[in-house]
Amino acid sequence: MTKPTKTINIKIDAKLVRKLAFEIGFDDCKICNANPPIKDISFFENWIAINKNADMAYLEKNINIRKDTSLLVPNSKTIICVILNYNQKLDDKEFYISKYARGKDYHIVMKEKLASLETALKQEYSGLISRIFTDSAPILERAFASKAGLGFIGKNTCLIHPKFGSFTFIGEIICNIEANYDDSITDNCGTCELCVNACPVGALSSAGLDANKCISYHTIENKNEIPKYTAERITNQVFGCDICQDVCPYNQNIPLTKYEEFLESEPAKSLSINKLEALSNSQFKKQFVSSPLLRAGKRKLIANYKLVGEKGKSGE
Ligand code: B12
Ligand code: SF4
Ligand code: SF4
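About the cut-offs
- Residues numbered from 1 in each chain as written.
- Chains lettered and ligands numbered in written order.
- Predicted model: local features only at pLDDT ≥ 70, side-chain atom pairs only at ≥ 80, totals over all residues.
- Heavy atoms only, no water.
- Salt bridge = Lys/Arg side-chain N within 4 Å of Asp/Glu carboxyl O.
- Helix = DSSP H or I, 4+ residues; strand = E, 2+ residues; numbered from the N terminus.
- Buried < 20%, exposed > 50% of the residue type's maximum accessible area, 1.4 Å probe, protein only.
- Expected span 1.5 Å × (residues − 1).
- Arc of directions from axis to C-beta.
- Contact = heavy atoms within 4.5 Å.
- Phe/Tyr/Trp six-rings, centres within 6.5 Å; stacked < 30°, edge-to-face > 60°.
- Near = heavy atom within 4 Å.
- Nonpolar A, V, L, I, M, F, W, Y, C, P; charged D, E, K, R; others polar.
- Domains from an automatic or database assignment.
- Core = buried A, V, L, I, M, F, W, Y, C linked by side-chain atoms within 4.5 Å.

(A) Looking closely at the pattern of salt bridges. Scanning the model with the defined rule gives 15 salt bridges in all. Put simply, E45 and K67 hold a salt bridge, and the shortest N to O gap is 3.1 Å. Here the residue E45 occupies a position in helix 2 (residues 38-49), and K67 occupies one in helix 3 (residues 63-67), the gap between them amounting to 22 residues. Residue E45 is classed as partly exposed on the basis of its relative accessible area of 34%. Among the ionic pairs, E264 bridges to K93, the shortest N-O distance being 2.9 Å. Here the residue E264 occupies a position in the loop between helix 9 (243-246) and helix 10 (273-278), and K93 occupies one in the loop between strand 2 (78-85) and strand 3 (96-97), the gap between them amounting to 171 residues.

And the structure:
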């Protein structure tokens, strides 16, 4: 094992972090200070106040943590933000599963890579106190990734990277040592409104994404019956929705993912209502343990298949 060589009194070398991140396989890595941007905190608080979070009550909690990363890592100074590209070619299927959910759960893949980066950094910097996150804590991940310069926030509310577009997962390491920080980028949507106009339920506006209407929310997160307004506008989506990303000019001609883990594989590949109905709850949990589809659960997936299947029959 290499002996730690640097002490806490020095800054993290941003170039070294990026080099290590690329060696581990991240598609990009940028660094910012650990103070959440005030405008994004205000945007988030307003979004909750006007109930755009639908029934995701967990988002209403821990606002103090969202505002102060030192509640996650004492004396937090720096956030190292990374992305993994999951873009892939897909056939237009009768039963559509969102691109992000066809392979292995990104939480597993991202955490493994973040842990490798954290270990490499600890070799270099004695005294480094850090934690890794990906969709696993009350952190405004898009806001930090944008602040670090990994992209800009589009009208579809996604982080848009200049090279990889928005089909990316975000992860971060929060740590207690300062660094030289990257600049945010100034690109934006300009006058484009393609995603706003393409969203079948009109969920996108200057107030952000309205989860009460969003197909992604209703087919994944909503544990209850999908309300009539959205149900009527679902066409083939049985899990998630990519429409507001598919239409985005920044997502045309972007590189395909280099991670086989994210490509279509079992159990998503041959998923059908018959297969789901044949599984006991424990068989379902066992087979779907590494799949994002686990989140919806068997009952919800069956209901979504029925909804889409009935539409197919009635020719809607
Ligand atoms: C709740 C949640 C959802 C909800 C709500 C999404 C939403 N847009 O708010 C639902 C279930 C709908 C959802 C769907 C998806 N999600 Co999601 N989700 C989250 C989660 C857990 C919290 C997001 C949140 O706080 N939302 C509240 C809003 C207000 O905050 P925000 O989206 O982060 O936006 C911030 C800024 O972007 C900015 N902002 C947002 N909208 C706007 C609009 C304007 C006009 C302006 C000026 C600023 C602005 O202000 C916000 C506050 O800082 C994050 C993980 C995390 N901890 O951040 C993942 C996360 C945002 N999701 C992610 C993904 C991949 C998806 C899906 C693609 C999955 C799918 N296909 O179904 C879709 C994309 C749909 C979409 N267009 O957003 C990724 C996003 C990657 C990226 N490149 O942007 C994240 C970061 C998870 C991760 N670690 O990779 N998600
Ligand atoms: S994910 Fe689908 S339903 Fe949700 S905002 Fe985007 S296009 Fe609209
Ligand atoms: S489709 Fe147009 S408006 Fe929507 S995020 Fe992309 S560039 Fe921005």
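(B) Representation of helix 4 (residues 106-124) in the model. Its 19 residues give helix 4 an end-to-end C-alpha distance of 27 Å, which sits within 8% of 27 Å, the value for a rise of 1.5 Å per residue. Within the span of helix 4, buried status applies to Y106, V109, M110, K113, L114, L117, E118, A120 and L121. All buried residues of helix 4 fall inside an arc of 165° around its axis, so they share one side. Among the structural elements, helix 1 (14-24), strand 2, strand 4 (130-133) and strand 7 (168-175) are those in contact with the buried residues of helix 4.

(C) Spatial organisation of the packing of aromatic side chains. A complete count under the given rule lists 12 aromatic pairs for this structure. Centroid distance Y259 to F262: 5.7 Å. Interplanar angle 70°. Geometry classified as edge-to-face. Note on Y259: relative accessible area 6%, which makes it buried. An aromatic cluster of at least three residues, connected via ring pairs, comprises Y86, Y100, Y106, F167, F169, F239, Y259 and F262.

(D) Inspection of the site of ligand 3 at higher detail. Close to ligand 3 lie G154, K155, N156, I160, C189, C192, L194, C195, C248, P249 and Y250. Residue composition of the shell around ligand 3, grouped by class: 8 nonpolar, 2 polar and 1 charged. Counting contributing residues, the shell around ligand 3 receives three or more from each of domain 1 (14-89 + 104-175) and domain 2 (194-255 + 263-314).

(E) Region of interest: the nonpolar core. The biggest cluster of nonpolar side chains holds 72 residues, and the ones touching the most others in it are L117, L121 and F239. The element best represented in this core is helix 4, accounting for 7 residues. When residues of this core are sorted by domain, at least three fall in each of domain 1 (14-89 + 104-175) and domain 2 (194-255 + 263-314). Excluding anything up to four places from it in sequence, F239 contacts Y96, I97, S98, Y100, A101, T219, I220, P292, L293, A296 and L301.

(F) View of the site of ligand 2. Lining the immediate environment of ligand 2, one finds C199, P200, V201, A203, L204, L209, C214, I215, S216, C241, I243 and C244. The set of elements that each furnish at least two residues to the shell around ligand 2 consists of helix 7 (215-221) and helix 9. Grouping the constituent residues of the shell around ligand 2 by class yields 11 nonpolar, 1 polar and no charged.

Geometric values such as these leave the question of function open.
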